[in-house]
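Per-entry structural report
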Amino acid sequence: ELPGWHYDDVDAALLDGRVDCAAAWPGAFGSIRAAAIYDVLAPAPYFAGPTARVSYSGCHGWAIPTTCGDLDGAIELVTLLCSAEMHEREATAGGVPARTDVLAATIPVDSTDEARLAITRDTVEHGMITYPPLVRFPEVEDAGWGAIHDALCGELSAAEAVASMQHAAESALT
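All of the points below concern the structure found in this document. (Residues numbered from 1 in each chain as written. Predicted model: local features only at pLDDT ≥ 70, side-chain atom pairs only at ≥ 80, totals over all residues. Heavy atoms only, no water.)

Further remarks concern the overall build of the chain. Helix and strand counts for the chain come out as eight helices and two strands. Moving toward the C terminus, one meets the helices and strands of the chain in the order α-α-β-α-α-α-α-β-α-α. For the C-alpha atoms alone, the extent of the chain along its principal axes is close to 50 × 50 × 30 Å. Looking at the chain residue by residue over its 174 residues, the buried ones come to 22%. Contacts in the chain between residues far apart in sequence, at least 24 positions, make up 44% of those at least 6 positions apart. In the structure as shown, the chain presents an accessible area of about 11,600 Å², 60% of it carried by carbon and sulfur atoms. (Helix = DSSP H or I, 4+ residues; strand = E, 2+ residues; numbered from the N terminus. Buried < 20%, exposed > 50% of the residue type's maximum accessible area, 1.4 Å probe, protein only. Contact = heavy atoms within 4.5 Å. Areas by Shrake-Rupley, 256 points an atom, 1.4 Å probe, with all protein chains shown as cover.)

Structure follows, in structure tokens:
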């Protein structure tokens, strides 16, 4: 089944006990905490190469189009979505708030959560890289995921996968 899995499928396999280790998104912690096998799971940072440990991340972003019919309402909504209260709700649900002040103030619910938060805070501070400001970046990301998948399944060599990702990135920039 593994070659056909996507993010949610990997999380489900971990929580069902069908895999021993998975790179779950930090925002998946709420479902991990609710899982029957929570007491035997432990967070760990992503694997590191010889140069550095990095993890890419995006964050919440909202915009108000120039064609907005209710500018005051849109401003009110964006203000609410960016508020500490909303980010605290996300943190309480097991997500990682984009507001660093809220992340810093998040109190762990137990020792496993304490380890998760320490790893997350360290990654944000020392190892996080963000999406480039490129509207077509999702195309590059999808091409990358697909090429890595195909290389893992033996359908492409590693060199072919890298070339495919390079082509997708160059196409997105033109």
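The rest of the description comes next.
If you trace the backbone, L152 turns up in helix 7 (residues 137-152). The sequence separation of L152 and P3 amounts to 149 residues, and the corresponding C-alpha distance is 8.1 Å.

Here we take up a nonpolar patch on the surface. Side chains of Y7, W25, Y46, V54, Y56, I129, Y131 and W145 sit close together on the surface and give an oily, nonpolar patch of about 700 Å² of accessible area. Along the polypeptide, Y56 turns up in strand 1 (residues 55-57). (Patch = residues over 30% accessible without salt bridge, like charges linked within 9 Å, V, L, I, M, F, W, Y side chains within 5 Å. Salt bridge = Lys/Arg side-chain N within 4 Å of Asp/Glu carboxyl O.)

With that settled, the discussion passes to the packing of aromatic side chains. The full count for this structure, using the stated rule, is one aromatic pair. For the pair F29 and Y38, a centre-to-centre distance of 5.9 Å together with 70° between the ring planes defines the contact as edge-to-face. Comparing F29 with Y38 shows no difference in burial state: the two are buried. (Phe/Tyr/Trp six-rings, centres within 6.5 Å; stacked < 30°, edge-to-face > 60°.)

Two numbers describe how helix 7 lies on helix 8 (residues 158-173): the axes approach to 9 Å, and their chain directions differ by 170°. Classified by the angle between their axes, helix 7 and helix 8 sit roughly antiparallel to one another. Within the contact between the two elements, helix 7 uses V140, A143, G144, A147, I148 and A151 and helix 8 uses A161, S164, M165, A168, A169 and A172. For the contact of helix 7 with helix 8, the per-class residue count stands at ten nonpolar, two polar and no charged. (Axes fitted to C-alpha atoms, helices over the stretch in contact; angles between N-to-C directions. Parallel < 35°, antiparallel > 145°, perpendicular 65-115°, else oblique. Nonpolar A, V, L, I, M, F, W, Y, C, P; charged D, E, K, R; others polar.)

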